[in-house]
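# Inside the fold
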Amino acid sequence: MKASTPYRRSWLDFTGRLMSLTMTQDEPPLLSDKWPHLAAELMTALREEEESDLARQVGTLHVLEQCDCDDDFCQSFYTAPKPNGAYGPGHRNVGLSPSRPGYLILDVVNGTIMYIEVLYRPPLT
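Soluble globular proteins tend to pack their nonpolar side chains together in the buried interior. Counting residues in each nonpolar core, the largest one holds 22 residues, and the members touching the most others are Leu31, Leu38, Leu42, Leu46, Leu106 and Ile116. When contributions to this core are tallied by element, the ones reaching two or more residues are helix H2 (36-48), helix H3 (52-57), strand S5 (91-96), strand S6 (103-109) and strand S7 (112-119). Here this core gets five residues from one element, more than from any other, and that element is H2. Look past the residues within four positions of leucine 38 in its chain and what remains in contact with it is Leu31, Phe77, Leu104, Val118, Arg121, Leu124 and Thr125.

Printed below as a string of structure tokens:
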């Protein structure tokens, strides 16, 4: 699922003052709503790795687009728009030691979680 384009909604309030709000149509689901067990596991693993700034992001992450590699062991997904090419400067990988088998590896750019690699794991929940 791709992120929708924001649009601006404007209206006059009861005093005649112009009010506006930026909105989106079909906002992608929150990670914590779509896969609550994975979200909880990520927060725990990030805290164990002393990545508290990243752990605080988990509750706000949206599942924008799932990996299209078609490998049966991959359930990875984007939490930010897919880049054109490599992430470039400011990119780092954060490998986690999850409580369940398999791999969880985060692509982080300038302190923001962009992509979550979910490999060789049971179906997401």
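Next comes the rest of the description.
Below, the discussion takes up the pattern of salt bridges. Counting across every chain of the model gives three salt bridges. With a shortest N-O distance of 3.0 Å, glutamate 51 and arginine 92 are connected by a salt bridge. Residue glutamate 51 is located in the loop between H2 and H3, and its partner arginine 92 is located in strand S5; the two are separated by 41 residues in the primary sequence. On the basis of relative accessible area, glutamate 51 is assigned to the buried category, the value being 17%.

With that settled, the discussion passes to the packing of aromatic side chains. Tallying each qualifying case throughout the model produces four aromatic pairs. Centre to centre, the rings of phenylalanine 73 and tyrosine 120 are 4.4 Å apart; their planes meet at 5°, and the pair counts as stacked. With phenylalanine 73 in the loop between strand S3 (65-66) and strand S4 (77-78) and tyrosine 120 in the segment after S7, this pair connects stretches of sequence that are 47 residues apart. Considering the side-chain rings of tyrosine 103 and tyrosine 120, the 6.3 Å spacing of their centres and the 75° angle between planes classify their relative orientation as edge-to-face. Remark: tyrosine 120 occurs in the segment after S7 and tyrosine 103 occurs in strand S6; sequence separation between them is 17 residues. Through pairs of rings, three or more aromatic residues link up here, namely Phe73, Tyr103 and Tyr120.

For H2, spanning 13 residues, the distance from its first C-alpha to its last is 19 Å, which sits close to the expected 18 Å at 1.5 Å a residue. Residues of H2 that are buried sit in contact with helix H1 (31-34), H3, S4, S5, S6 and S7. Once H2 finishes, glutamate 50 follows within two positions and takes phi at roughly 60°, a positive value.

Turning our eyes to something else, we now look at the environment of glycine 102. Structurally, the position occupied by glycine 102 is in the loop between S5 and S6. It is 9.3 Å that separates the C-alpha atoms of glycine 102 and phenylalanine 73, two residues lying 29 residues apart in sequence. Setting aside residues up to four positions removed in sequence, glycine 102 forms contacts with Leu119, Tyr120 and Arg121.

Further remarks concern the sheet that holds S4. Strand order in the open sheet formed by five strands is S3-S4-S7-S6-S5, and the pairing between neighbours is antiparallel. Strands at the two margins of the open sheet, each flanked by one partner only, are S3 and S5. Pairing of S5 with S6, which is carried by six bridges, proceeds in the antiparallel orientation. Within S6, the position partnered with valine 94 by the bridge is leucine 106.

What counts as what
Residues numbered from 1 in each chain as written. Predicted model: local features only at pLDDT ≥ 70, side-chain atom pairs only at ≥ 80, totals over all residues. Heavy atoms only, no water. Core = buried A, V, L, I, M, F, W, Y, C linked by side-chain atoms within 4.5 Å. Buried < 20%, exposed > 50% of the residue type's maximum accessible area, 1.4 Å probe, protein only. Helix = DSSP H or I, 4+ residues; strand = E, 2+ residues; numbered from the N terminus. Contact = heavy atoms within 4.5 Å. Salt bridge = Lys/Arg side-chain N within 4 Å of Asp/Glu carboxyl O. Phe/Tyr/Trp six-rings, centres within 6.5 Å; stacked < 30°, edge-to-face > 60°. Expected span 1.5 Å × (residues − 1). Pairing = 2+ DSSP bridges.

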